[in-house]
Amino acid sequence: MTALPSTPAEWQSDPDIQRIQKRTVRVLILSQIIGGVGVGAAASMGSLLAESITNSESLAGIARTSSTLGAAVVGLPLALLAIRRGRRGALSLGWAVAALGGIVLVVAAVTSSVVLLVLGMLMFGSGSATNLQSRYAAADLAAPSHRARALSMVVWSTTIGSVLGPNLAGPGAVVARSLSIPSLSGAFVIASVALVIAAIVMAILLRPDPLLEARSRDAAAVAAETGRELEAREPHNLRAILALIAKTPAARFAFVVVILGHTVMGAVMTMTPVHMSMHGASLSLVGLTISAHVLGMFAFSPFVGALADRWGRVQTIVAGQGLFVLSAIFAGLSGGSVVLVTIGLFLLGLGWSFSLVAGSAMLSDSVPTSIRPAVQGTADTSMNIVSAIAAGLSGPILMGWGFGGLNIVAAVLVIPVLLLLPTMRGKRRGDGAVETPDPELIPSDTV
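Residues numbered from 1 in each chain as written. Predicted model: local features only at pLDDT ≥ 70, side-chain atom pairs only at ≥ 80, totals over all residues. Heavy atoms only, no water.

Trainee: So what exactly am I meant to see when it comes to the overall build of the chain here?
Mentor: Looking only at helices and strands, one finds 16 helices and zero strands in the chain. Each of the 447 residues in the chain was classed as buried or not, and the buried ones make up 55%. Within the chain, contacts between residues at least 6 apart in sequence are counted, and of these 84% link residues at least 24 apart. When the accessible surface of the chain is totalled, it reaches about 17300 Å², and 68% of it is carbon and sulfur. (Helix = DSSP H or I, 4+ residues; strand = E, 2+ residues; numbered from the N terminus. Buried < 20%, exposed > 50% of the residue type's maximum accessible area, 1.4 Å probe, protein only. Contact = heavy atoms within 4.5 Å. Areas by Shrake-Rupley, 256 points an atom, 1.4 Å probe, with all protein chains shown as cover.)

Right, dumping it as structure tokens:
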């Protein structure tokens, strides 16, 4: 292990870079708001569309499963494309694929095709992957001491789409009548238009490309300090990327934090409506509880980002694990109490925010710019795959052990994070000054 030269961070204080960074964050927020409306449609309308096409309540979950799988499949290829072409090309393509998926879903509704339903939801999952990877683009040009805050602003902007997207049913029905297509498919027409606009915004306005600019500045700074070119070897397959993560303590720690945080959230949140319905809660109360959960996930992310920059990445992550445990206590003991389960779900969302924002910032801190997107994409792909598996297992766990048992299992998932905590000794502040493998010293068998 060797530390990269200190000089590369100095270019981030250049007024021109700071101006570009502010513009980059504004463009990312704009695209997140517009594209997030489209992605949000799948949250509420996808299952309804699947039930309508399959005529089966038990198969309604195929929409969520396909969308999550699509996000997992697309995550790493988008990251590798970012390495070669920059964030602009990768993110605009991601939004465009999701828009095409929305059109396929409209055709699926018209033809009642299950095959097109699955294909459309797989493609629509690209929007979720793009939504997630946009947060990393905000960190490319940010100084380490402001990286979590920049990243958290993009996460926060997701709130708007999460609120507006699920409410497209009414406007979608109007659009559907005018186009003489099934009522539920109208929401995906609106979603596709929003996703196309997001792709155009990204393609036109994200200039200069933040990743390419950061890579260029890093190379120039290293050349000025050492008199040699920065020739980074780029991992080109999953095994190589995972090997690199395993050899970098900070990256390994952040990787586990992001994956398990998302898994805890997904497992409990998926079964909460079922648990509440079993205890006689009305749909409006279920909606209120999920709204509180979404509020915890996104609304406080700027505060969490500032906390991670000021207090430290590791400390913020540990606080997030504490929130997960508190959530498990409140939700697990809730029984038929709407108040307790709502408090638990709010704390669950807040714990996710602490883990995702601080963990993502630490992941960005821990590896060189040239290979950062590959590591980030691998983390996002992994967390979607593991979360999808956990969501699938959460039903049988609920039926076998109850909601309390499900929350106990979720709370146990914080243990691996705590076990890795000693490896962060000396890095507790986690402000970006962490040791990373010099790209030129990455063993040849990992590339």
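On we go.
Trainee: So what exactly am I meant to see when it comes to helix α4 (residues 114-137) here?
Mentor: Three or four residues apart is the spacing at which side chains of an α-helix point the same way, because the helix has 3.6 residues per turn. Here α4 contains 24 residues, and its C-alpha end-to-end distance of 35 Å stays within 8% of the 34 Å for a straight helix at 1.5 Å per residue. Here α4 lies mainly inside the structure; 17 of its 24 residues are buried. Measuring from the backbone nitrogen of V115 back to the side-chain oxygen at the start of α4 gives 3.5 Å, which picks out S113 as the cap. (Expected span 1.5 Å × (residues − 1). Polar contact = N/O pair within 3.5 Å; in protein donor to acceptor, adjacent residues only side chain to side chain.)

Trainee: Just checking my understanding: could you explain the nonpolar core for this structure?
Mentor: One recurring pattern in soluble globular proteins is that nonpolar side chains are buried together. F253, L348 and M362 are the most contacted members of the largest nonpolar core, which has 67 residues in total. Broken down by element, this core gets its largest block of residues, 16 residues, from helix α10 (residues 249-278). What L348 contacts, discounting residues up to four positions off in sequence, is V264, M265, V268, M269, H293, F324 and S327. Counting residues in hydrophobic clusters, the runner-up holds 42 residues, among them A108, A137, A176 and A191. (Core = buried A, V, L, I, M, F, W, Y, C linked by side-chain atoms within 4.5 Å.)

Trainee: Sorry if this is basic, but what is going on with the packing of aromatic side chains here?
Mentor: Given two aromatic rings, one states the distance between the centres and the angle between the planes to describe the pair. Under the defined criterion, the tally for this structure stands at three aromatic pairs. Relative to W352, the ring of F298 lies with its centre 5.5 Å away and its plane at 80°, an arrangement referred to as edge-to-face. Within this pair, whereas F298 is found in helix α11 (residues 283-299), its partner W352 is found in helix α14 (residues 338-366), the two being separated by 54 residues in sequence. One exposure class covers both F298 and W352, and it is buried. (Phe/Tyr/Trp six-rings, centres within 6.5 Å; stacked < 30°, edge-to-face > 60°.)

Trainee: How should the packing of helix α9 (residues 238-246) against helix α15 (residues 372-412) be read in this particular structure?
Mentor: Working note: a packed helix pair is described by the angle between its axes plus the distance between those axes. For the pair α9 and α15, interaxial distance at closest approach is 10 Å and the crossing angle is 95°. By the criterion of interaxial angle, the relationship of α9 to α15 is roughly perpendicular. Note on element contacts: α15 touches α9 through A374, V375 and T378, opposite L238, I241, L242, L244 and I245. Partitioning the contact of α9 with α15 into residue classes produces seven nonpolar, one polar and no charged. (Axes fitted to C-alpha atoms, helices over the stretch in contact; angles between N-to-C directions. Parallel < 35°, antiparallel > 145°, perpendicular 65-115°, else oblique. Nonpolar A, V, L, I, M, F, W, Y, C, P; charged D, E, K, R; others polar.)

Trainee: Just to check I follow, could you spell out a positive patch on the surface for this structure?
Mentor: Together, R19, K22, R23 and R26 line one region of the surface with positive charge. With respect to the secondary-structure elements, R26 resides in helix α1 (residues 15-54). With a relative accessible area of 54%, R26 lands in the exposed category. (Patch = residues over 30% accessible without salt bridge, like charges linked within 9 Å, V, L, I, M, F, W, Y side chains within 5 Å. Salt bridge = Lys/Arg side-chain N within 4 Å of Asp/Glu carboxyl O. Lys, Arg positive; Asp, Glu negative; His and termini not counted. Charge placed at Lys NZ, Arg CZ, Asp CG, Glu CD.)

Trainee: Mind showing me how you'd approach the packing of α10 against α11 here?
Mentor: The N-to-C vectors of α10 and α11 enclose an angle of 165°; their axes lie 9 Å apart at closest approach. Between α10 and α11, the angle is such that the two are roughly antiparallel. Judged by the sense of rotation from one axis to the other, the crossing of α10 with α11 is right-handed. Contacts between α10 and α11 involve M265, M269, T272, P273 and M276 from the first element and L285, V286, T289, I290, H293 and M297 from the second. Residue composition of the contact of α10 with α11, grouped by class: eight nonpolar, three polar and no charged. (Left-handed = near helix turned anticlockwise from the far one by under 90°.)

Trainee: What is the right way to read the environment of I241 from this model?
Mentor: Turning to its location among the elements, I241 is positioned in helix α9. Residue classification places I241 among the buried residues on the basis of a relative accessible area of 0%. On a C-alpha basis, the gap between I241 and T378 in space is 7.5 Å, while along the polypeptide they are 137 residues apart.

Trainee: Mind showing me how you'd approach a nonpolar patch on the surface here?
Mentor: Taken together, the side chains of L30, V196, I200, I204 and L205 define a hydrophobic patch exposed on the protein surface, amounting to about 390 Å² of accessible area. Counting residues per element, the nonpolar patch draws most heavily on helix α7 (residues 186-205), at four residues. Here I200 is to be found in helix α7. With relative accessibility at 44%, the residue I200 sits in the partly exposed group.

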